[in-house]
Amino acid sequence: MGVGKCYDIGKDLFRRRWGLSGSDWQRVKSKGDVDMDPSREATDKAMMARCVELSRLAVREGEYPFGTVIALDGRVVAEAINRTIRDGDVTRHAEVIALSRGQRAIGREELRHCTLYTNVEPCAMCSYCIREAWVGRVVYAIGSPVMGGLSKWNILRDDGIAAIPQIFGAVPEVVSGVLLHQAQQVWRDWNPLAWQMIKLRGLLTEPCTDGPHIHVRPAQGRSLWHYLQMLLVRSAQPRIETETPDMSP
């Protein structure tokens, strides 16, 4: 069997597995992502507004101002705020809690179609969880150059770990700076003095210092061999039963 024939068989298997049309396949093959919907910017702002609202709720609950939403086609799948103080557990970040709820609600495979929104750039721990959960897109407002999983450690955009498809997803699209000023205002209202110290030390900053606030880093595609590996591995895995989403903060 020739190489071309093997390619066609692999392509058909992948398309049937993930329900891609011919045009979708061409976009995935050439760009690694399906074209943006014209209404995506409005959806991003609406979901980030919810993150900002959740971060205010976190303050009322005695937590630091962090809020996360996971959405699929503009529909909220899961959301969470930090529970590090209330639970006495440093691992209880909003992103990790939301990912756990999202996997229970729709299953890990569907998270590759989802966008994770969070008011502050995910830290290194949360970024590894995002990559391992196969989230396809990440949107945040405020940059975190000291602890961030993109600006400091580049975990969100690291193509190397995507070479292990059994564990890590492909490089997601990353959008930063959405509703930046609204997100910053929550931190300022939480503790004006602490916010000034945070800014002076460069802990939380604007994601981009030049040009427009909103910056888009496109998703990266995978090779056909990578897709085939992923197909074989996932076909051997048992299906995960999903649960009704837990929407409580």
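Residues numbered from 1 in each chain as written. Predicted model: local features only at pLDDT ≥ 70, side-chain atom pairs only at ≥ 80, totals over all residues. Heavy atoms only, no water.

**Examining the packing of aromatic side chains**
- A full pass over the atoms with the stated rule returns 5 aromatic pairs.
- Ring geometry for Phe66 versus Trp187: centroids 5.2 Å apart, planes at 80 degrees, classification edge-to-face. With Phe66 in the loop between helix H3 (40-60) and strand S1 (67-72) and Trp187 in helix H7 (residues 180-190), the pair connects residues that are 121 residues apart, well separated along the chain.
- Since its relative accessible area comes to 19%, Phe66 is described here as buried.
- The class for Trp187 is buried, based on a relative accessible area of 4%.
- Aromatic pair Tyr128 and Phe168: ring centres 6.2 Å apart, planes at 50 degrees, arrangement tilted. With a gap of 40 residues between them, Tyr128 in helix H6 (residues 124-132) and Phe168 in the loop between strand S4 (137-142) and strand S5 (173-176) connect regions that are remote in the sequence. (Phe/Tyr/Trp six-rings, centres within 6.5 Å; stacked < 30°, edge-to-face > 60°. Helix = DSSP H or I, 4+ residues; strand = E, 2+ residues; numbered from the N terminus. Buried < 20%, exposed > 50% of the residue type's maximum accessible area, 1.4 Å probe, protein only.)

**What to know about the pattern of salt bridges**
- For the structure on display, the rule yields 11 salt bridges.
- Among the salt bridges present, the one from Arg86 reaches Glu63, with a minimum N-O distance of 3.0 Å. Of this pair, Arg86 sits in helix H4 (residues 84-87) while Glu63 sits in the loop between H3 and S1; the two residues are 23 residues apart in sequence, bridging distant segments of the chain.
- By relative accessible area, which is 31% here, Arg86 ends up partly exposed.
- Residue Glu63 is classed as buried on the basis of its relative accessible area, which comes to 2%.
- A salt bridge links Arg92 to Asp87; the shortest N-O distance between them is 3.0 Å.
- For Arg92, a relative accessible area of 29% corresponds to the partly exposed category.
- Overlapping salt bridges, with partners in common, bring together Arg40, Asp44, Arg137 and Glu173 in one network. (Salt bridge = Lys/Arg side-chain N within 4 Å of Asp/Glu carboxyl O.)

**Observations concerning the pairing of S5**
- Burial along S5 is two-sided: the face carrying Glu173 and Val175 and the face carrying Val174 and Ser176 are both buried.
- As paired elements, S5 and strand S6 (residues 215-217) share 3 bridges and run antiparallel to each other. Note on S6: the bridge partner recorded for Ser176 is His215. (Pairing = 2+ DSSP bridges.)

**Quick notes on a nonpolar patch on the surface**
- On the surface, Leu193, Met197 and Leu200 cluster together into a nonpolar patch covering about 360 Å² of accessible area.
- Among the secondary structure elements, Met197 is positioned in helix H8 (residues 192-200).
- Met197 gets classed as partly exposed once you look at its relative accessible area, which sits at 43%. (Patch = residues over 30% accessible without salt bridge, like charges linked within 9 Å, V, L, I, M, F, W, Y side chains within 5 Å. Areas by Shrake-Rupley, 256 points an atom, 1.4 Å probe, with all protein chains shown as cover.)

**With respect to the sheet that holds S4**
- One open sheet accounts for 6 strands, arranged S2-S1-S3-S4-S5-S6; its pairing is mixed. This sheet does not close on itself; its edge strands, each paired only once, are strand S2 (75-81) and S6. Each neighbouring strand pair of the sheet contributes to a mean axis angle of 15 degrees, computed without reference to strand direction.
- Where strand S3 (residues 115-120) lies against S4, 5 bridges are found, and the strand directions are parallel. The residue of S4 that forms the bridge with Tyr117 is Val139. (Axes fitted to C-alpha atoms, helices over the stretch in contact; angles between N-to-C directions.)

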